[in-house]
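Secondary and tertiary structure notes
Take a look at the letters that make up each chain.
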Amino acid sequence: MAICRAIQSVWSGFCIVLLLTALIIPIQAAKVSPTWQNPDIGLTVDLTTDMHDADGAWKSPGITLRGVELIMSANIDPYASLTGNVLVTPNGAELHEAFALFPTLPLNLKLKGGLMLANFGRWNRFHTHAMPFTSEPRIYMEYAGGMLALKGLELSWLVPVSHFIELTLSAYDRISGHTHDSDPSPSQSHNSSGRTADEIAESIGAEKHGNHWHYQGKILYEEDLYALAGQQSSLEPVKNTGLRRPEEFAYGGRLTTTLELGSNVSVDFGGSMLYQHAYKLSQRIPGETYNKLLWGADIVFFWHPLLANNYRNLQVGAELLSSYEGFERKVVGGLYQDKYSRTGVHVYGNYKHSKQWQVGAFSSIFQSNDYAKQQKIHTGAFCTFAITHYQYLRLEYSRYEYPDLLDGVNRVTLQYDATIGYHTHGRQR
Amino acid sequence: MSKILFIIQVVLCVSAFAGGKINVVASIPDLGDMAMRIGGDKAKVIVLATGREDLHAVPVRPSFLPILNRADLLLTLGLDAEHSWLPALAAEARNAKIMEGRPGWIEVSEGIHVHDIPEILDRSEGEQHPEGNPHYNIGPQCGTSMANNIYKALLSAAPEHKDFLRANRDQYVRSVDTVITSLKQQSSALKGIPIIGYHEDLVYLCEFYGIKVIGYIEPKAGVSPTAGHLREIESLGREQGVKLIIHNQTQSPRIPEKLGKSLNCPIVEIANTVGAKKEITTWLELQLYNNRVLLEALKKL
């Protein structure tokens, strides 16, 4: 009996090793060139100039360099590749992505680890310059603070059936958004309780870039500016950024599949969620934490007539994003934990009429991510002229109907994008 | 429990190494057709593109991933013809065998006399193919090399079927030779005629028939024509007495038609892959189709 068990154990180990060996096949260099040791390098310039009437009259901040994206990637060894994406602005550099990818693990698994655009929702994995519109979808800015560029691990499983189904499970250090896009707002004025973040930034010479500021080579968020000025923004709970127990990190997942209706029409479906148990820490009650749940669903309809796929196609999509977040509700004689739930939707359509011309429209309708739960609407239309595959001009008009913008704000943006070198976004539709 | 696990492991091991059909995935139908003819019932062949689309920009559908996930061989034209869609797809398929550069990623271009290898590699020269023009599949003269490369790939995947595969290859190559002889006999009228093409994808076809390309509607490969360039090409066409304007099924006929009207010459829509037209289901039919439409257009002069 003991001998039988020993044989079974040895056989089990042998089988596992054999299977893993069969499944992991090392890369063989296909082409040899003098630059074979160099990584692939690409550089994209994303420039915008806009005008808006937030102060009554039409004004413009001039040309905004949203970023110069420098991407490098190459295989590390037979098992993994490495990608780095640095965004350079006139105010400094920001690391946007730095991840290792193990694309062919056994059992149809793929592992991505490092700093990455999280596999969440329809648009989060897209670089801003690769979106069909200039403005980032406002639902991300409202509920996540921008696009989710997170540090962590993503394990994706391609379900081994003939229909495409992919499941991704992820673990990140925290929920945190980052954007280089911002809404036009009327000029801020002093208030009695202290200075606004914009005013503090102006006084120290920090330069605003989306939802953050650049100051002496550092990236500062609103809470950093208040701390720098020795001023407390409020006693509201703050984001949990320090040392955390494993259960205080963020965990999530995404499930995607598709429905193909012939070879010209297909529909992609996706569902995502991201949860952080200790998203914020109470400043009033030591040790008290507040959680956050982001969940979303997205659907995209593609029409790509095969005979004209190079110069004609249509995509229409809708993305729903919901945020549940805990907060401290103050009542007479004390405070207690409460939660609010906010939902928004981003719909868009983009029609490519020829190799060079595309037109489209979008609308984001969402509840404000605060106690007031007011409705915000951001609607727009855009027209893109692709000079070639590597550079384009885009004109976008959009209108903001936000509660703090009494008459609504109109904005016109002209965007110019150009790419040199090797720049790929992998499998994206 | 341990006994069940033991049985599962044995079954997994046996199935992992069991010699079944060769799972072949082809990027375009031309390669799929040849693989089916040479592989016969020893190969299960699935083709990704339908042949109607531009092979440089095949719309990537998620259903391609499970197909690639199970492939033993991925047949590609190579020379970067599919670079904008296939390598990223293969990298996502969780199949180490068929990722670009690995043994199952097969470029069928080996042995082809490749044209248009750029001397200067620069984006100002348009959308270049650094290794040369990849549209050799429409050149009848390239059929034998393509078939040989596919035979070698199938043989590497299933050496036990060597005799079967070789017999099929030999038979197919004989049919290619027969068609080539017939095409040459019928097409002497095409020799030396000046034409204008849309994109730089006609070189192998024109080489076979001795057709003279005097210019392209695209000023550089992949770059949309400007009004200035169209004026220049029109003037060149008039000067050199252009006889035909040729485009393929994926290119908008609007500009060729306009140019044809002004130069008073016929427009020909050739097929650049198998499947481009309903009646083209094999690579040999592709060659016969292109020959027929070219000759018919010439009769209109």
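None of the values given here were measured: they were computed from a predicted structure.

Side note on the overall build of chain A
Helices and strands together make up the secondary structure of chain A, namely four helices and 22 strands. Intrachain contacts of chain A at a sequence separation of at least 6 include 59% that bridge at least 24 residues. Looking at chain A as shown, the accessible area adds up to about 20,800 Å², and 62% of this sits on carbon and sulfur atoms.

Digging into the sheet that holds strand E7 (residues 244-248) of chain B
All names here are of chain B. One open sheet holds the four strands; their spatial order is E6-E5-E7-E8, and the pairing between them is parallel. Of all strands in the sheet, those with a lone pairing partner are strand E6 (212-216) and strand E8 (267-270), marking the two edges. Across the sheet, the mean angle from the axis of one strand to that of its neighbour is 30°, orientation sign disregarded. Direction of pairing for strand E5 (residues 194-197) relative to E6: parallel, over a ladder of four bridges. Among the inter-strand pairings, Pro194 is bridged to a residue of E6, identified as Lys212. Its contacts with the sheet put helix H8 (residues 227-240) on E5 and E6, and the angle it makes with E6 is roughly 155°. Lying on the sheet, helix H10 (residues 283-299) is in contact with E7 and E8; it crosses E8 at an angle near 175°.

Concerning the domain arrangement of chain B
All names here are of chain B. For chain B, the domain assignment lists domain 1 (14-181) and domain 2 (188-299). For domain 1 versus domain 2, the distance between C-alpha centres works out to 26 Å. Counting residues at the interface gives 38 residues for domain 1 and 30 residues for domain 2. Counting each side, the surface lost to burial between domain 1 and domain 2 is near 2,700 Å², with a carbon and sulfur contribution of 60%. Counting every contact that joins domain 1 to domain 2 gives one salt bridge. Remark: the boundary between domain 1 and domain 2 carries 14 residue pairs in polar contact (both at pLDDT 80 or more). Residues that form the side of domain 1 that touches domain 2 fall into these classes: 15 nonpolar, 14 polar and nine charged.

Re the packing of helix H2 (residues 29-39) of chain B against helix H5 (residues 143-157) of chain B
Residue and element names in this part refer to chain B. In the contact formed by H2 and H5, the axes pass within 10 Å of each other and the chain directions differ by 60°. Between H2 and H5, the angle is such that the two are oblique. For the crossing formed where H2 meets H5, the hand is right-handed. On H5, the residues that touch Leu31, Met34, Ala35, Ile38 and Gly39 of H2 are Gly143, Met146, Ala147, Ile150, Tyr151 and Leu154. Residue composition of the contact of H2 with H5, by class: nine nonpolar, two polar and no charged.

Digging into the side chain of Asp417(A)
Residues and elements named next belong to chain A. Structurally, the position occupied by Asp417 is in strand E22 (residues 409-421). The side chain of Asp417 is buried and forms no salt bridge, while Arg66, the nearest opposite charge, is found at 5.5 Å. Within the local environment of Asp417, its side chain forms a polar contact with the side chain of Gln415, the two groups lying 3.1 Å apart. In this structure Asp417 touches Thr44, Val45, Asp46, Leu47, His129, Tyr390, Gln391 and Tyr392, once residues within four positions along its chain are discounted.

With respect to the pairing of E22(A)
One ladder, built from 11 bridges, connects strand E1 (residues 40-55) of chain A with E22(A); its direction is antiparallel. Paired with Gly42(A) across the strands is Gly421(A), a residue of E22(A).

Describing the sheet that holds strand E4 (residues 105-107) of chain B
Adjacent strands of a sheet form backbone hydrogen bonds with each other and so pair up, either parallel or antiparallel. Residue and element names in this part refer to chain B. Taking strand neighbours across the sheet as the criterion, the four strands line up as E2-E1-E3-E4 in an open arrangement whose pairing is parallel. Each having just a single partner strand, strand E2 (43-47) and E4 make up the two edges of the open sheet. When strand polarity is set aside, the average angle formed by the axes of neighbouring strands in this sheet is 25°. Contacts from H2 reach strand E1 (22-26), E2 and strand E3 (73-76) within the one sheet, and its direction differs from that of E2 by about 170°. Sitting on the sheet, H5 is in contact with E1, E2, E3 and E4, with an inclination near 170° to E3.

Basis of the calculations
Residues numbered from 1 in each chain as written. Chains lettered and ligands numbered in written order. Predicted model: local features only at pLDDT ≥ 70, side-chain atom pairs only at ≥ 80, totals over all residues. Heavy atoms only, no water. Helix = DSSP H or I, 4+ residues; strand = E, 2+ residues; numbered from the N terminus. Contact = heavy atoms within 4.5 Å. Areas by Shrake-Rupley, 256 points an atom, 1.4 Å probe, with all protein chains shown as cover. Pairing = 2+ DSSP bridges. Axes fitted to C-alpha atoms, helices over the stretch in contact; angles between N-to-C directions. Domains from an automatic or database assignment. Buried area = accessible area lost by both parts, 1.4 Å probe. Salt bridge = Lys/Arg side-chain N within 4 Å of Asp/Glu carboxyl O. Polar contact = N/O pair within 3.5 Å; in protein donor to acceptor, adjacent residues only side chain to side chain. Nonpolar A, V, L, I, M, F, W, Y, C, P; charged D, E, K, R; others polar. Parallel < 35°, antiparallel > 145°, perpendicular 65-115°, else oblique. Left-handed = near helix turned anticlockwise from the far one by under 90°. Buried < 20%, exposed > 50% of the residue type's maximum accessible area, 1.4 Å probe, protein only. Lys, Arg positive; Asp, Glu negative; His and termini not counted.

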